[in-house]
Protein chains: 4
Amino acid sequence: MTVSENNFALTLFSDYESSARSYCRNFPAVFHRASGCYLYDQHDNAWLDFLSCAGAVNYGHNPVPLKDALIAYLAADGIQAALDMHSVAKAEFITAFNTIILQPRKLDYKMQFTSPTGTSVVESAIKLARKVKNRTNVVAFTNGFHGMSNTALGLTGNRDNRQNAVDAHVFRLPYDGYLDGLDTIAYFEKLLTDNSSGMDIPAAVILETVQGEGGINVASKTWLQRLHALLQRHDILLIIDDIQAGCGRTGHFFSFEFAGIQPDMVCLSKSLSGYGLPFSLLLFKPQWDQWNPGEDNGTFRGNTSAFVTAKAALEHYWRDDTLSLHIFRQEQVVVQWLEEIKLRFPHFIKQTRGRGLFQGIELYSPELAKKITQRCFAEKMIVERAGDRDQVIKIMPSLTIPEDTLVAGLMILERAMEDCFSEAPATSQAVTQDILCPTGGVQ
Amino acid sequence: MTVSENNFALTLFSDYESSARSYCRNFPAVFHRASGCYLYDQHDNAWLDFLSCAGAVNYGHNPVPLKDALIAYLAADGIQAALDMHSVAKAEFITAFNTIILQPRKLDYKMQFTSPTGTSVVESAIKLARKVKNRTNVVAFTNGFHGMSNTALGLTGNRDNRQNAVDAHVFRLPYDGYLDGLDTIAYFEKLLTDNSSGMDIPAAVILETVQGEGGINVASKTWLQRLHALLQRHDILLIIDDIQAGCGRTGHFFSFEFAGIQPDMVCLSKSLSGYGLPFSLLLFKPQWDQWNPGEDNGTFRGNTSAFVTAKAALEHYWRDDTLSLHIFRQEQVVVQWLEEIKLRFPHFIKQTRGRGLFQGIELYSPELAKKITQRCFAEKMIVERAGDRDQVIKIMPSLTIPEDTLVAGLMILERAMEDCFSEAPATSQAVTQDILCPTGGVQ
Amino acid sequence: MTVSENNFALTLFSDYESSARSYCRNFPAVFHRASGCYLYDQHDNAWLDFLSCAGAVNYGHNPVPLKDALIAYLAADGIQAALDMHSVAKAEFITAFNTIILQPRKLDYKMQFTSPTGTSVVESAIKLARKVKNRTNVVAFTNGFHGMSNTALGLTGNRDNRQNAVDAHVFRLPYDGYLDGLDTIAYFEKLLTDNSSGMDIPAAVILETVQGEGGINVASKTWLQRLHALLQRHDILLIIDDIQAGCGRTGHFFSFEFAGIQPDMVCLSKSLSGYGLPFSLLLFKPQWDQWNPGEDNGTFRGNTSAFVTAKAALEHYWRDDTLSLHIFRQEQVVVQWLEEIKLRFPHFIKQTRGRGLFQGIELYSPELAKKITQRCFAEKMIVERAGDRDQVIKIMPSLTIPEDTLVAGLMILERAMEDCFSEAPATSQAVTQDILCPTGGVQ
Amino acid sequence: MTVSENNFALTLFSDYESSARSYCRNFPAVFHRASGCYLYDQHDNAWLDFLSCAGAVNYGHNPVPLKDALIAYLAADGIQAALDMHSVAKAEFITAFNTIILQPRKLDYKMQFTSPTGTSVVESAIKLARKVKNRTNVVAFTNGFHGMSNTALGLTGNRDNRQNAVDAHVFRLPYDGYLDGLDTIAYFEKLLTDNSSGMDIPAAVILETVQGEGGINVASKTWLQRLHALLQRHDILLIIDDIQAGCGRTGHFFSFEFAGIQPDMVCLSKSLSGYGLPFSLLLFKPQWDQWNPGEDNGTFRGNTSAFVTAKAALEHYWRDDTLSLHIFRQEQVVVQWLEEIKLRFPHFIKQTRGRGLFQGIELYSPELAKKITQRCFAEKMIVERAGDRDQVIKIMPSLTIPEDTLVAGLMILERAMEDCFSEAPATSQAVTQDILCPTGGVQ
């Protein structure tokens, strides 16, 4: 595609599209094509992508092997819409997922192809958990994000997204490290064993091992293991929402592999198709496959093109550990850089944290975080923020990013920080902290 | 694509895929490619499609103009995953939808690209309606189907799908013609004006003008007009779920056009992309666009490939009334045939009904309906059932079906009926009726 | 007690008591003592009582045999607060209720002494029904009133009382005669047998056989019998809320006796103690007694004084049919008078209706109804209104009222009507009707 | 009353009364009369009462001044049932409560006479809080008990009492001292200030300053003050449920006086009438009196007899600090004894705690707690247990108990402990602890 002759004005969108639109406000360009780590706008300007569509294109934009497979499939009139009927494309995906992902990890899961969105796979997981355990309550965590349909929204922590009429049968617990001195697992155990704790025994616990929208909060290996052991003692299901943290984002295919646990259910979506196509997969241990035929259903549950690209992605990226090793190497690059900038800017940076290529820089000031990402955008780089006040700069490049491109991106980000911090008042930290933590009270 | 050398066994699916799968149980083949009105299995057997993926491929499978546009877009590395950022593909779709669909019908709607499933667009509509009206209650109808996430499931009538923990803030009213002597609109008005009726004033009413899954139940023009007038008098939003009945299925683009009403919100999905790609669009009057930025969000809200095929579909099928006229002509063919078979088999057929190429044959016996569609499948034709006990045979061919193909399909169906009815006991009607309507009681 | 020297101003109450207070606004006097059909204010003015504390003092105020029993009990230091421990007073009540009420009617019920309010006995009934049937949904009727705690409020029809956060697991059905042409039982049966009706199979149906607050709406014998038969066929519990209509108000002890049905549960309160003491009793068939010890509990469940007066009431009023015969005779007096005034004022009176000494006059104009009861108050008579707009004048004298006192009261009411109607515009009926029933099909 | 000739068998109750009955199972006698600290059974055996009807007869059974006032009122035909109409009895109570209780404490509250049960006053408080703040969420605490109607049950912690269908809009927080290292106020503040905490801003927080049913858990002065300050900073209502801890149980009339805080709402019931009569009172700051007339209502909201005895109780016990000083002296007697027995039996007693005459002994073994109270019952003394496993022996004598009677009761209890502990295995503590706290970090 050559440079487009189109020249769409931004007002076209504000005139006709709902005010719910969001990312486009932070990145006000009109994009046209994409390849690898770069997006191109309608005037063919290139933008370095450190967002990866919130984790939906982990292997970069339009990876060639997947693109070739998809075009060949379309050209041959491969069946596209198939509901949940059997198709060759589905059979091939099932076989590949089983052979390449599940068996080597000694995981025994059945696969449910739910409606092809993250929120839908979460809805299906919770519905199934409530059914098989015949309990209504579900535990979710502070700063969790699980989607925006009713039940998923009930699990999601963000107050701006939630509404009054959401599914209220959720018990909220503090995530790992939420508050000094608060041991979530000990608290949870007390609530479970105390017959008057006010917590109904939950059907399931759902969590992200790294909270993406919540601000790149990381659950430790030990915490996950203690949680898993507790749940097993109390016959409660563990659901890992691996929609953003899975598909290699933390280095392994599943984000929970490092802890050696086997969740009862796993939610996958986003990068599962490898090509940005809507696609979702719910994995669960065979004993939980208690659905009646058609009890959970939806038109687009056989998104056949996604089967094709997903299979190609598995075969191309996960047959051996080449990609994993690349990710861990790049993680080292990022982590070393994070430590350096944290030392450089201790008055502005509260914490850096992450796993794999899922890293965050928490600033004391949300305003500065916004300024920095705007500065990056001016430098033709796309970086997003996360956290309850968007105070965390999110580093999520393509997992396949070459090291020099990665470093180039980090340099843009570092320069943006230098500029913004140098303009900021020296006292920003103390002032901001006071505003944020107005506690003290009568103590 | 030549005949595949693959030879997948059905056990692959039962071994690894969740028992929730449903359509594949009625149509136990492994499909490979598709074109127009035909599906082809892995051995290249052709199957005449009278289901059209429950309305997701109204223009037939893989229509050539759409396929060409899609392949060209992919080949040029057109951006695929874009979140809700601006893209050239989106700009072009917005322009086309506005020019070809909205303006000629004098409709003034803003567009929200919700998560790309039917259930998600319904969730977004209800969430918005509750917000703008600051009321929780929503009215839905007997036999309505609106999807399977929590809120949508609360609106859906089917007992097998619903679960205990669903959104309960729904007031159920009888659909047009639900019971002799019951005038829904008069009853609704009484409930609204009676201060002690027990119905909280609803934020919105949601309905399908033709209920698909519910059994091809048809709301009359007068009923829709009376309902609309009542809602306007009481400041209640009208939401038309046009996911299955829209995109031409009843002859016009929107199913409500014939009644001359302008709903406050319209839910579109299924055939909107024209290619079976996951895609959804919520339309609402500009005054209801009260979303905060990002208040309703999701990863796949910019399914760019779908923008491309959807735009091609609008340009190819809706620039003039050729397709509409074709649909109305085929409707006549079907209706005339329905009247004839109803006269032939009065002891087995309870009612025939429908609009456009959305027609149904309600049998007294669900078992016979099942047998007939199985007989059709044996004759390499795909016909599905609907209704609360799957007692309605659903006639939903491609809107672009040639008349001779249509007639050929009807003949297969008629022969299947002849065979099944001739084998059935002569008293089937009376017996079945007694079982189904065990009323009488103390009267 | 001689004429009190107290002289309390009404402002004492408005200054210190919550604005939730209600009856005192319609009857702005300060009452001091009461006896039989009369209340006496602080200046010893006598007021004829046609309200009977909304049915809480069916045998008149402070009936002597009950008063004597209560004073004797108190004087002997009879145990007052007893939680749900065994007491002689409870044993004597249980014995009397069993012997005098249940056995002669061939009713086999266990007794649960719930918290001593109407709303609490309803809460307990619904809680138990949901438990034993393991279903959440409950059917309640238009214009039903069952109390003001959360679950009871969910069942109650009145919009002014309900709030957003109430128990929403209620399916509302139209009461007998709610709308011309709407056969509730047929509609209900369709909803139960239609698998996609959107009504979850309910645990129970709760109703008043005569709706008090709802406007003295009367369920017919046939309707109750058909409902009961339908529920039995579908394994759904029938709960009669006999809080207002029971304890003789309709002539028999239970309001449902005339229909020959045996509900699964019966809620009693109000006049059960016979002396206006807080007291409630839930009856249920023995097979539903599935409570765990202490699963439903409350401090005042052994209101021992109420056991004492309730036992005295049973022995004094229900050992034979003297009271019943008296009620039916007075009913005749009232009904004959109602027919006459309806003939006299056809332009103002829409309908008269009732059972026993539970009668209502529905006016076209709520304003006139208010005026009439105010005129009665000025004539030292207490008459209340009911209905969704307080348009129904409620005739609820003591069941023990002498015939001449009853007639005297009716004459006061009739003169109030004459006065108010003569002052009202001649066109009141037509005008009001238009406002109230703005229907009329397509507009 | 002389020794009764009645001789009721316990089977009368098991045959006819619901299995929900509870206290009677622990105290299997048939009581007849009561006076001061003693109950008398049908054979006139005297039982020393260390339970005081769970706090409903704080001034002892049938206190003479109240009894005299009540009998005089009844003898004079004082109005009994009055709905919420004005009465002289109500006027006198309002005046007394204002003069004796509110004004000296500089408290400015309006009074709502809710339905006369604890659960109803809680329902009214929450309903009003949700209305005035236009928020649904309410915070309640671990081990809280607030009653058994739907909303109250949602607030109540005990799992055996709760059911699936309860009001779920409750956020549960750990009570003061719930877990070592967990600072509830800091956690609560984090949840409030973290925009993604998953806690909707609550309308109100409801708590008992000493949790009765929860196991005599005591909130500290500092904790209450910090909580109050936090709620004020965040515009959230503080509701004190003083149903069990109020009316002098902790030494002052209100249990929160010692902390110097002024809650937004206070729930009173149980001992408010002073005579065990059903009676409840909701106090709230005048600005929250936003009820519409009749928006919250109930038949027994004018329990006039209770006004009479409650006024007598205020005048007799609260005109000066005689009773308070007596309570504090007896508290010292109990606390000193508790410290001694704790030193004597460190292997059996986990903790002793309480305020005023509201004291508890937590044992390691619930079985031993049961045995001990059974032993007391055999010695003609009534002592109850509390806590999530009934492991806490509850010491709640009459507030007016003479010191020698108190000591006599403590001696009975001490002997029961000696006996039961001497029979118990020496290793009870360690063994039990292991079972109860099967934790132990990472496993």
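As the structure is a computational prediction, the values presented were derived from the model and not from experiment.

Q: Just give me the short version of the pairing of strand S2 (residues 38-41) of chain B, but keep the residues and values in it.
A: Residue and element names in this part refer to chain B. Bridging between strand S1 (residues 30-35) and S2 involves 4 bridges; their strand directions are antiparallel. Looking across to S2, one finds that Ala34 is bridged to Leu39. What sits between S1 and S2 in their antiparallel hairpin is a turn of 2 residues, with Gly36 showing a positive phi close to 55°. Pairing analysis gives 3 bridges linking S2 to strand S3 (residues 46-49), with the strands arranged antiparallel. Paired with Leu39 across the bridge in S3 is Trp47. In this antiparallel pair of consecutive strands, S2 and S3, the connection spans 4 residues, and Asp44 shows a positive phi of 65°.

Q: Break down the interface of chain C and chain D for me, with residues and values.
A: Contact with chain C, which involves 105 residues of that partner, is made by 105 residues of chain D. Regarding the contact of chain C and chain D, the summed buried area is about 9100 Å², with carbon and sulfur atoms giving 62% of it. If you sort the residues of chain C by the area they bury against chain D, Tyr16, His86 and Phe300 of chain C come out on top, with a joint share of 9%. Linking chain C with chain D are 4 salt bridges. Where chain C packs against chain D, one counts 48 residue pairs in polar contact (both at pLDDT 80 or more).

Q: If you had to explain the pattern of salt bridges to someone new, which residues and values would you point to?
A: Within the structure shown, the criterion is met by 88 salt bridges over all chains. Among the salt bridges present, the one from Arg375 of chain B reaches Glu423 of chain B, with a minimum N-O distance of 3.3 Å. Here Glu423 of chain B lies in helix H13 (residues 403-423) and Arg375 of chain B lies in helix H12 (residues 366-378), a separation of 48 residues in the sequence. By relative accessible area, which is 46% here, Glu423 of chain B ends up partly exposed. A salt bridge links Glu414 of chain D to Arg344 of chain D, with the shortest nitrogen-to-oxygen separation between them at 2.7 Å. Of this pair, Glu414 of chain D sits in helix H13 (residues 403-423) while Arg344 of chain D sits in helix H11 (residues 322-344), placing them 70 residues apart in sequence. Residue classification places Arg344 of chain D among the partly exposed positions, given a relative accessible area of 42%. Through salt bridges with shared partners, one network takes in Lys371, Arg375, Asp419 and Glu423 of chain A.

Q: Explain unusual backbone geometry to me, and be specific about the residues and the numbers.
A: In this model, Asp235 of chain B sits at a positive phi of 60°, which is unusual for a non-glycine residue. If you trace the backbone, Asp235 of chain B turns up in the loop between helix H9 (221-233) and strand S11 (237-241). Overall, Asp235 of chain B belongs to the partly exposed group, its relative accessible area being 41%. Phi angles above zero are rare outside glycine, and Lys380 of chain D is one such case at about 65°. Topologically, Lys380 of chain D is positioned in the loop between helix H12 (366-378) and strand S16 (381-382).

Q: Hey, could you go over the packing of helix H5 (residues 88-102) of chain B against helix H10 (residues 304-317) of chain B for me, with residue numbers and the actual values?
A: All names here are of chain B. Taken N-terminus to C-terminus, the directions of H5 and H10 make an angle of 30°; their axes are 9 Å apart at the nearest point. Comparing the axis directions of H5 and H10 gives the class roughly parallel. You can see that H5 and H10 cross each other, and the crossing is left-handed. Touching Ala89, Lys90, Glu92, Phe93, Ala96, Phe97, Ile100 and Ile101 of H5 are Thr304, Phe307, Val308, Ala310, Lys311, Leu314 and Glu315, all from H10. A per-class count over the contact of H5 with H10 returns 10 nonpolar, 1 polar and 4 charged.

What counts, and where the lines are drawn
Residues numbered from 1 in each chain as written. Chains lettered and ligands numbered in written order. Predicted model: local features only at pLDDT ≥ 70, side-chain atom pairs only at ≥ 80, totals over all residues. Heavy atoms only, no water. Pairing = 2+ DSSP bridges. Helix = DSSP H or I, 4+ residues; strand = E, 2+ residues; numbered from the N terminus. Contact = heavy atoms within 4.5 Å. Buried area = accessible area lost by both parts, 1.4 Å probe. Salt bridge = Lys/Arg side-chain N within 4 Å of Asp/Glu carboxyl O. Polar contact = N/O pair within 3.5 Å; in protein donor to acceptor, adjacent residues only side chain to side chain. Buried < 20%, exposed > 50% of the residue type's maximum accessible area, 1.4 Å probe, protein only. Axes fitted to C-alpha atoms, helices over the stretch in contact; angles between N-to-C directions. Parallel < 35°, antiparallel > 145°, perpendicular 65-115°, else oblique. Left-handed = near helix turned anticlockwise from the far one by under 90°. Nonpolar A, V, L, I, M, F, W, Y, C, P; charged D, E, K, R; others polar.

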